[in-house]
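Survey of secondary and tertiary structure
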Amino acid sequence: MNVTTETLAKVDQHWAVMAVGASERQRGLEITNVRLVTKAVGEQLTLDLPNPHSSDEDLLTRLALAYEMAAIEGLSAFLNTTSGDMELQKQCAAGAWRAFEIGRMTDPPEGTDRRVLHLLHLSALAYCGDRWTDLRRWYRDEPALCAIPSVADAKWDRRLLYRLFDCWVRLFRKQDWDDLDRIREIVVGLREDQKEFEETVLKSGSDAEDRAIALRLVSLYHWAKATELLAKYMLQGEPVGINALLSKHYDASIAAATAAADSQLEILMRWIHAASSQMVAGSIWRVARAVNSRVTKFVHEVTKQQGLFELLPPQRAAWLEQGLLDQAATAVVIDMPTSGGKTLLAQFRILQALNQFDTENGWVAYVA
C-alpha cells in the first residue's frame, strides 16, 4: 500500500496529532527535516533551526507517539485486508510512515534492552509505512544502533530476545541469501539453549515473578516460531498458507505478553505481526505463485543469486493495483523514475508472455 501526499495530509489532521497542537506539529516536522538533512550532508552544509529548545526531544517523542496512535487505530484493518475498510488501512500506513520519520530522528534510549526494543519497534513501523528502503539505509547509517548484543552471561529471556533481535535485523535488511538462511540456524540454536538455560530462569523464588517470566517466555517462543516460518517463506515461498500460520503464533504471543502485563512486548508483537504481513505481501514469491512455472524458476534464481526477496512499493502497486500481469493485456507501458524497478517488472511480463503464447511462436518487444 503506497502512502500518498493525500493520506499523509489526512493523518496530520487526526485527533491524536491535533492534540499536540498545530504549531508544535509543524515545528516537530521541521526539526525532523533539519536533523535528517544534517545527518546526510552535515559536513558540507550548516543548517540552523530557529530558536532551538531543550524540550525539542520531548516534542519529537510526543509527536511520534501521536502518529503511532493514529496508526494503531487502523491496525486491525491493516492486518485484515479483506475487511474493505481502505480508509483505516491508509490511515495506519500513513501514521506509521510519520511515526518512523520522526522516531528515527530522536535520540536512541540508553541500555541494551531498550535499544533493542526501540530499533525493532521503529523498524516495524517503517515496514508498515512502506519505508523499508529508508529503513535499510538507516541501518547502514547507524551500525551502532543495529549492533547485536552479546549473550554471554545473559539470562535466558534476554538471550532469547537478543537472538530474535539478530534474526529480525537480518529480516529487515535482507542483504543476501545468507542473511535469511542464518535465521534457521539461530532458531535451531535457541532450541538447544532452551534445554540448558530455561530451568534456571524459572526458579527465582517468587511464584508471581516465575509466572510473569514463564508467560514472557511463551510470548518469545511463539515469536521465534513465527520468525522461522517467515524466513523460510522469504527464501522458498513456502508454506503457502503463511499468513494463517503467522497469525496463530503472533496471536498467542500477544496473549501471553498481555497476561504477563508486558505492555511493551505486547505492542511490539502487534507491529511485528503487521510488518510480517507486509513482508509477505511484498514478497517476490507472491508474483511467482500467481503467474507460471517460468516465473517461479526465475524467482528461484534471483533470490539465490541476487538476494532479491521483495518488490519495491511502486512495483507492488503496478502488479496488484494496475493489473500489470493481466493476461488480457497484450501491450504494457511502464512509467517509473530511475531505479523504480521497471526492468524486473518487464522481466516478469516477458516471462508471462512467453508462457502464454508458447505454442504460437509469438514475439516480445521490449523498448527502453
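Above: the structure in question.
Residues numbered from 1 in each chain as written. Predicted model: local features only at pLDDT ≥ 70, side-chain atom pairs only at ≥ 80, totals over all residues. Heavy atoms only, no water.

1. Concerning the overall build of the protein
How we decide: A run of H or I in DSSP counts as a helix once it spans at least four residues, and a run of E counts as a strand once it spans at least two, with each numbered from the N terminus. Type-normalised accessible area, obtained with a 1.4 Å probe on protein chains alone, sets the label of each residue: buried when under 20%, exposed when over 50%, and partly exposed for intermediate values. We call two residues in contact when some of their heavy atoms are within 4.5 Å. Residue exposure ignores everything except the shown protein chains as possible cover, and the areas themselves are Shrake-Rupley values with a 1.4 Å probe.
In terms of regular secondary structure, the protein is built from 17 helices and 0 strands. When each of the 368 residues of the protein is scored for burial, the buried share is 49%. Counted over contacts in the protein with a minimum sequence separation of 6, partners at least 24 positions apart contribute 70%. Summing over all exposed atoms, the protein offers an accessible surface of approximately 18400 Å²; the carbon and sulfur share of this is 51%.

2. A word on helix 13 (residues 263–281)
What counts, and what does not: By this rule the span expected of a helix is its residue count minus one, scaled by 1.5 Å.
The first and last C-alpha atoms of helix 13 sit 27 Å apart over 19 residues, in line with the 27 Å expected at 1.5 Å per residue. Buried residues dominate helix 13, accounting for 14 of its 19 residues.

3. What to know about unusual backbone geometry
Pro239 follows Glu238 through a cis peptide bond whose omega is 0°. Turning to its location among the elements, Pro239 is positioned in the loop between helix 11 (207–236) and helix 12 (242–259). Located in the positive-phi region is Asp130, a residue other than glycine, with phi close to 60°. Checked against the element boundaries, Asp130 lands in the loop between helix 7 (112–128) and helix 8 (132–141).

4. Some remarks on the pattern of salt bridges
It is possible for side chains of opposite charge to pair when their charged atoms get near one another. This is how it is decided: We count a salt bridge whenever a side-chain nitrogen from Lys or Arg sits within 4 Å of a carboxyl oxygen from Asp or Glu.
Evaluation of the coordinates by the stated rule reveals 23 salt bridges. Measuring nitrogen to oxygen at the nearest pair gives 2.9 Å for the salt bridge that ties Asp134 to Arg137. Of the two residues, Asp134 and Arg137 are both situated in helix 8; the distance of 3 residues between them amounts to about one turn of the helix. On the basis of relative accessible area, Arg137 is assigned to the partly exposed category, the value being 39%. Asp157 serves as the salt-bridge partner of Arg216, at 3.6 Å between the closest nitrogen and oxygen. Of the two residues, Arg216 is situated in helix 11 and Asp157 in helix 9 (residues 156–173); the sequence distance between them amounts to 59 residues.

5. Some details on the packing of helix 7 against helix 9
This is how the line gets drawn: For helices, the fitted axis covers only the stretch in contact; all axes are lines through C-alpha atoms, and the angles between them, taken along N-to-C directions, range from 0 to 180 degrees. In this scheme, a crossing is called left-handed if the near helix is turned counterclockwise away from the far one by less than a right angle; it is called right-handed if the turn is clockwise. Classification convention: Asp, Glu, Lys, Arg as charged; Ala, Val, Leu, Ile, Met, Phe, Trp, Tyr, Cys, Pro as nonpolar; all other residues, Gly among them, as polar.
At their nearest, the axes of helix 7 and helix 9 sit 11 Å apart, and the two run at 35° to each other. Note that helix 7 runs across helix 9; the crossing there is left-handed. Between helix 7 and helix 9, the contacting residues are Thr112, Asp113, Arg115, Val116, Leu117, Leu119, Leu120, Ser123, Ala124 and Tyr127 on the first element and Arg158, Leu161, Tyr162, Phe165, Trp168, Val169, Leu171 and Phe172 on the second. Its residues assigned to classes, the contact of helix 7 with helix 9 shows 13 nonpolar, 2 polar and 3 charged.

6. Thoughts on the state of the cysteines
Put simply, the rule is: Disulfides are defined as cysteine sulfur pairs within 2.5 Å.
All chains considered together, the criterion is met by 0 disulfides. Looking at Cys128, it has no disulfide partner, and the nearest cysteine sulfur is the one in Cys92, 5.9 Å off.

7. Some thoughts on helix 1 (residues 5–12)
Operational definition: Think of it as the arc spanned by the lines of direction from the helix axis to the C-beta atoms.
Buried residues of helix 1: Thr7, Leu8, Val11 and Asp12, and no others. For helix 1, the arc enclosing every buried residue in end-on projection is 145°, short of the 170-degree limit, so these residues lie on one face. Turned more than 90 degrees away from the buried face of helix 1 sit Thr5 and Glu6, all of them exposed. Of the surrounding elements, those touching the buried residues of helix 1 are helix 2 (15–18), helix 3 (22–41), helix 4 (56–73) and helix 6 (86–103).

8. Regarding the packing of aromatic side chains
Put simply, the test is: Here a Phe, Tyr or Trp ring, Trp counted by its six-membered ring, pairs with any other such ring whose centre lies within 6.5 Å, and the pair is stacked when the planes are under 30 degrees apart, edge-to-face when over 60, and tilted otherwise.
What the rule picks out here adds up to 7 aromatic pairs. A centroid spacing of 6.3 Å and a plane angle of 25° characterise the contact between Tyr127 and Trp132, whose relative ring orientation is stacked. Accessibility assignment for this pair places Tyr127 and Trp132 in one class, buried. An aromatic cluster of three or more residues is present, and its members are Tyr127, Trp132, Trp168 and Phe172.

9. Structural notes on the nonpolar core
Inclusion rule: As used in this record, nonpolar core signifies buried Ala, Val, Leu, Ile, Met, Phe, Trp, Tyr and Cys residues forming a set joined through side-chain atoms within 4.5 Å.
Counting 97 residues, the largest nonpolar core has Trp168, Phe172, Trp223, Trp271 and Ile272 as its most contacted members. For this core, the element with the most residues is helix 11, which contributes 12 residues. When neighbours within four sequence positions are excluded, Phe172 is seen to be in contact with Leu120, Ser123, Ala124, Tyr127, Leu135, Arg136, Tyr139, Ile272, Ala275 and Met279.

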